[in-house]
Amino acid sequence: MVSTSVKNSIKGCAMPQIVIDEINRGGLPNIQIDILNLTNDEFCCYVDYASTYKDKTKVVGYTGKNAGISIRIAKGLSYRTGGSGNQAIRNTERTTYNGYLILTNKRVIFTSPGVSFDKPINKISSIVNVNNGMMFQIGQKS
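All values reported here derive from a predicted model rather than from experimental measurement. (Residues numbered from 1 in each chain as written. Predicted model: local features only at pLDDT ≥ 70, side-chain atom pairs only at ≥ 80, totals over all residues. Heavy atoms only, no water.)

Participant: A description of the packing of aromatic side chains should follow, citing residues and the corresponding values.
Facilitator: In this structure the tally under the stated criterion is two aromatic pairs. Aromatic side chains Tyr49 and Tyr100 sit 5.4 Å apart centroid to centroid with 35° between the ring planes, which places their arrangement in the tilted category. Of this pair, Tyr49 sits in strand E3 (residues 44–74) while Tyr100 sits in strand E4 (residues 77–104), and the two are 51 residues apart along the sequence. On the basis of relative accessibility, which here comes to 45%, the residue Tyr49 falls in the partly exposed class. For the ring pair Phe110 and Phe117, a centre distance of 6.0 Å and an interplane angle of 25° mean the geometry is stacked. (Phe/Tyr/Trp six-rings, centres within 6.5 Å; stacked < 30°, edge-to-face > 60°. Helix = DSSP H or I, 4+ residues; strand = E, 2+ residues; numbered from the N terminus. Buried < 20%, exposed > 50% of the residue type's maximum accessible area, 1.4 Å probe, protein only.)

Participant: Account for the pairing of strand E6 (residues 117–120), naming residues and giving values.
Facilitator: As paired strands, strand E5 (residues 107–111) and E6 are joined by four bridges and run antiparallel to one another. Bridged to Arg107 within E6 is Pro120. A loop of five residues connects E5 with E6, the two strands running antiparallel in sequence. (Pairing = 2+ DSSP bridges.)

Participant: Describe the layout of surface pockets, and please don't skip the residues or the numbers.
Facilitator: Considered as a void within the structure, the largest pocket measures approximately 960 Å³ in volume. Lining the largest pocket are 24 residues, and of these Ser51, Thr52, Tyr53, Phe117 and Met134 lie nearest its centre. Counting residues per element, the ones that place at least two in the lining of the largest pocket are E3, E4, E6 and strand E8 (133–138). With eight residues, E3 is the largest single contributor of residues to the lining of the largest pocket. (1 Å grid on protein atoms, 1.4 Å probe; cavity = no way out; pocket = protein on both sides within 12 Å on 5 of 7 lines; lining within 4 Å. Points joined across faces, edges and corners; volume = space filled by probe spheres on them.)

Participant: Go over the pattern of salt bridges with me, naming the residues and quoting the values.
Facilitator: One side chain can pair with another of opposite charge once the charged atoms of both are near each other. Applying the stated criterion across every chain yields a total of six salt bridges. A salt bridge links Arg107 to Glu42; the nearest nitrogen and oxygen atoms lie 2.8 Å apart. One end of the pair, Arg107, is in strand E5; the other, Glu42, is in the loop between strand E2 (30–32) and E3, and 65 residues separate them in sequence. Both residues of the pair, Arg107 and Glu42, count as buried. Three or more residues are tied together by salt bridges with common partners; here these are Glu42, Arg107 and Asp118. (Salt bridge = Lys/Arg side-chain N within 4 Å of Asp/Glu carboxyl O.)

Structure representation (structure tokens):
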């Protein structure tokens, strides 16, 4: 087991090359990281730059339609028949949060100024590879 500090990291990756080599050989490194409070028998084995996002659907406007006929009965008095309807125009906005993904022997942690999570390993239902990353399924949330 390799023990190293994150302070000696290579560009583009938060982990030193020695840690990456240890993971590639199938080892489980012990990384010393100062942004994390660990329990007594817990150690950090992976840390890297990561991003997560939240999608929020907002109503940005309405579109409407009218149909019908108006009949003039007398001066200033008319009868209108028909209908109208409005439909909301929705737009999905994605907010990206950059931070760190940290894996310990007990937890998966994402930390950033905007959004963070900390979940025990035994709560993860699945891990799926996506285009340029991975997606964690934790209960009903991804």
